[in-house]
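Okay, here's what each chain looks like letter by letter:
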Amino acid sequence: MEKRHLDRRIEQMAAEGTTFRTGVDVGIDVTADDLRAEFDAVARRRRHRRATCRSPGASSAGIHQAMEYLPYA
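Calculation criteria
- Along each chain, numbering runs from 1 in the same order as the chain's sequence is written.
- The predicted origin of the model limits local features to residues at a pLDDT of at least 70 and limits the giving and counting of side-chain atom pairs to 80 or more, whereas totals for whole chains, interfaces and linings rest on all residues.
- The side-chain values count all of the structure's non-hydrogen atoms but skip hydrogen atoms and water molecules.
- Each helix is a run of DSSP H or I of at least 4 residues and each strand a run of E of at least 2, with the numbering of both proceeding from the N terminus.
- A helix is expected to span 1.5 Å for every residue after the first.
- Salt bridge, as applied in this entry: a Lys or Arg side-chain nitrogen positioned within 4 Å of an Asp or Glu carboxyl oxygen.
- Note on classification: 1.4 Å probe, protein chains only; a residue is buried when its accessible area is under 20% of the maximum for its type, exposed when over 50%, partly exposed between these limits.
- What goes into a patch is any residue over 30% in relative accessible area without a salt bridge, connected to like charges within 9 Å or, for nonpolar side chains (Val, Leu, Ile, Met, Phe, Trp, Tyr), within 5 Å.
- The accessible surface values rely on the Shrake-Rupley method and a 1.4 Å probe; as for residues, cover is taken only from the protein chains in view.

**Quick look at helix 1 (residues 3-15)**
Right, so step 1: Helix length check: helix 1, at 13 residues, gives a terminal C-alpha distance of 18 Å against a target of 18 Å (1.5 Å per residue), a fit within 8%.
Right, so step 2: Directly beyond the C-terminal end of helix 1, a positive phi value near 110 degrees is found at Gly-17.

Below you can see the structure in the form of structure tokens.
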């Protein structure tokens, strides 16, 4: 995806109220519990293309990886 498209989408999401915190190591700089307490939703970057989510309930019906929907946005 071209950088200009990503930049436009990031600007749009920020204008809609999405908070981006880059350069932060969850578990070192801030805990996942801290993020959940402060924000309505928390997304994580996939470490590997074939990585699976190990969170409780991740394999439940109706749960999908966010990356499945990004190409459509």
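Don't stop here, the text continues.
**Description of the pattern of salt bridges**
Right, so step 1: Evaluated as defined, the whole model comprises three salt bridges.
Right, so step 2: Of the charged contacts, one joins Arg-4 and Glu-2 as a salt bridge, the two residues approaching to 2.9 Å between their closest N and O atoms.
Right, so step 3: The exposure class of Arg-4 is exposed, given its relative accessible area of 55%.
Right, so step 4: Classification of Glu-2 by relative accessible area gives partly exposed; the value is 46%.
Right, so step 5: Here Arg-36 and Asp-33 are joined by a salt bridge, their closest N and O atoms 3.2 Å apart. Of this pair, Arg-36 and Asp-33 are both found in helix 2 (residues 32-38), three residues apart, which corresponds to roughly one turn of the helix. The burial state of Arg-36 is the same as that of Asp-33; both residues are exposed.

**Observations regarding a nonpolar patch on the surface**
Right, so step 1: A cluster of nonpolar residues, Met-1, Leu-6, Ile-10 and Phe-20, forms a patch on the protein surface that exposes about 420 Å² of accessible area.
Right, so step 2: By the element assignment, Phe-20 lies in the loop between helix 1 and helix 2.

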